[in-house]
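Summary of structural features
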Amino acid sequence: MSSTRPRPASPSDGHATRPGKRHLILKTVGGVLGTLVAAIVILILVWQWDWFVPYIDRKGTAALHRPVSIAHLHVGLGFKTTVTVDDLKIGQPEGFEKEKDDFASAKAITVTVDVWRYLTGGGLSLPLIRADTPKGDIVSLLNGTNNYSFASSSDPSSQTSSSSTTTLPKLGKIEINDGDIRLALAKLKTDMHVLIHTEEPKNGDDGHLVIDLKGRYAQAPITGHIVGGALLGLTDATHPYPIDGRLANGPTYVTLRGTVDDPIHFQGTNLALHFAGPDMALLYPLTGVPIPQTPAYSVTGNLAYSDRAIRFQKFEGHMGSSDIGGDINVDPHQKPIFVEAALHSHSVDLADLGGFIGAQPGEAKKAEPASARVLPDKKINVPKLNAANVHLTYHGDHIRNKNWPLDNIDAELNVREGAIDLKHLTFATGTGTISANATLEPTKNEQFHTRFRLDVSRLPLSRIMTSKDMFQGEGTIGGHVTLTSTGNSVATLVENGDGGTTLVLDRGGDVTALLPDLLGLKLGSAVLSVLGIPDRSKLECLVADLPLKDGIVHTNSMLLQTGTTRTMGTGTVNFHKDTLDYAVTTRSIGPQILSLPGAVHIFGSMKSPTILPGAELLGRVAASVGLGIVFPPAALIPTIQLGVGKGSACEKAILEANEHPAAGIAPGKTTGAGPSSVPHPAQARSGTHAAGKATKTPHRRLSPAEVRKAWEKKSNSK
């Protein structure tokens, strides 16, 4: 019989093997963790944020549609994470590859983000933004293409949604070191640099943003120095942002000092603005408002802003030797911009306003070559009509100029869509007024279709003749001038024009001193002597009714009457050739001893006419002037409405001057105060005058043969 003995337990069986397995697992896990930790340590030791540079370059290039590159990327992780990119370069877009500089670049851009605030729902906060040596190259070509326009989303709804919900992050410190932005704008003829840097807070302030300008703007050198508040203050809507700046563009000097409310949304301003320079027309590139040429000026006022207009209010200063002030409102939302200006002067020299009528302003005038034309042929200078629509009013309390016998000035002007509408330009002179209105509508070749009217009412002649020491008299002038034409200078407007002049002068004083001035002819006393008008004759009446047709002045009536003589004239003045062909004859009103000459012919160049008196021109002149050169004209009847009072010498003026005036406007009551003693033309046609008495006025003209026979009879009787 055999027996079986139990076998000893093996370490690998049952519970005896479990501690070994656990050790093996721990050893394995520990190895893996160790390897992972080692890998992390190694990764930390060898990690390069620059590995993301190619990715950033690709994303930036795709987003901006121009090449983007950075040299290095640095990230400082933490609750406030700082990201820095080095050597940022944004290249020029397509079409601007020839520009020598990048579109934008910076030595370094640093941004700190408050991550913890963002994760806890406090919103995006950027405690620090710093730009080291940022540069920009902003270019716009003549054809309108530029390098600063970026492609936008084609989905307008997404644009609207994003713009309505986007809020600015909370900003902290903003630093700009040695910024330099070049602006090359071909249409503005500008190539300048804007230098920008920030200054650290000093003496308890919040720091400053400093901008310097240098280069050329609108073809003129530009320099500027502008100091603002801290850059962060631009986003603070609760505190006004301070500005203190000065700017010189060519000879124009500008200073600006004050505050801007909520600059991001530009809610308002409290700024003192000062302009000074040799010519206000040079302000156009700075303001966008066209202004005619002016003499040297200096004005200071308040610059204000509302949601509809920019206002230069309560400004005062001087322009030439005149003071100037008022308010100017500009609405930049209209196309073109709309400018409303209400200006005034207490004392004004009309020479300072010359630029507003196309003349050279100011007392100092440049020497210009003598013109062959009698009338000014200088091109009318009208500033950039299409740049703005304008409504302008101006009043000058006192006119200070010995060459202009005027008291004050009042004007209103509109410019709309390139057309000028001068509502009125009115001067007061003693008891009289001079008033003009005109329209100028641009046509081709820089010309203007023009309608012009000048009204003279009760103008004291003594005011015009104040510079004549020998002149004595208290006459008055009244009448009208009209012109419709197309041209670009006074000479071309007259030579292309239709219209006329109807002028009446009552009791005008010393004709020897007066006549050459009124005619504007360099004939002097030669004309007077050849007409047989005695020295120091007193002018009783002058009536001139002269239609203008296609640049040629004709004669409806020309009467000059002194106390002893009556002179009649007829003929033409040709402004195409600047010549005249005129015949005048003087006859005695009553008996006199001296024999007066026959017809006098004045012809040739207006600058140097030929005067031929005597019988050698008898046939030619007599045939042309009719009855009026032989006898006192039968057409002189009391029908013209002059308002000069009963008994006026002009009561015997020409009928046609009131029934068919060359200017298209009857003189009316233009030369005196009170009711006229002269009947209305309708009464004259019915054969009655103001007193109810019949007036017979034979109107038949003699034939040339009858005139010649009458002249021969008159000559033989002397």
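Scroll up to find the structure.
Reading the values: rules and limits
- Residues numbered from 1 in each chain as written.
- Predicted model: local features only at pLDDT ≥ 70, side-chain atom pairs only at ≥ 80, totals over all residues.
- Heavy atoms only, no water.
- Helix = DSSP H or I, 4+ residues; strand = E, 2+ residues; numbered from the N terminus.
- Contact = heavy atoms within 4.5 Å.
- Polar contact = N/O pair within 3.5 Å; in protein donor to acceptor, adjacent residues only side chain to side chain.
- Buried < 20%, exposed > 50% of the residue type's maximum accessible area, 1.4 Å probe, protein only.
- Pairing = 2+ DSSP bridges.
- Expected span 1.5 Å × (residues − 1).
- Arc of directions from axis to C-beta.

A word on the environment of Y394
Inspection of the secondary structure assignment puts Y394 in strand β19 (residues 388–399). C-alpha separation for the pair Y394 and L425, spaced 31 residues apart in sequence, amounts to 9.3 Å. Not counting residues up to four positions away in its chain, the partners in contact with Y394 are I324, L343, H344, S345, V348, L353, I409, D410 and A411. Side-chain polar atoms of Y394 contact the side chain of S345, separated by 2.7 Å.

Details of the pairing of strand β14 (residues 268–277)
By the criterion of burial, β14 is predominantly enclosed, with 7 of the 10 residues buried. Pairing of strand β13 (residues 252–261) with β14, which is carried by 9 bridges, proceeds in the antiparallel orientation. Within β14, the residue paired with G258 across the bridge is L271. Two strands pair when backbone bridges link them, and β14 and strand β15 (residues 297–305) are joined in this way by 7 bridges, in the antiparallel orientation. Within the sheet, the bridge partner assigned to A276 lies in β15 and is S298.

Digging into helix α2 (residues 53–64)
Taking 1.5 Å per residue as the helical rise, α2 with its 12 residues ought to reach 16 Å, and the 16 Å between its terminal C-alpha atoms agrees with that figure. Looking at α2, one finds that the buried residues are V53, D57 and G60. The arc that holds the buried residues of α2, viewed along the axis, is 75 degrees, so those residues lie on one side. Residues of α2 that are exposed and point over 90 degrees away from its buried face: R58, K59, A62 and A63. In this structure, the buried residues of α2 make contact with β1 (68–69) and β2 (72–76). Looking one or two residues beyond α2, the residue adopting positive phi is H65, at roughly 55 degrees.

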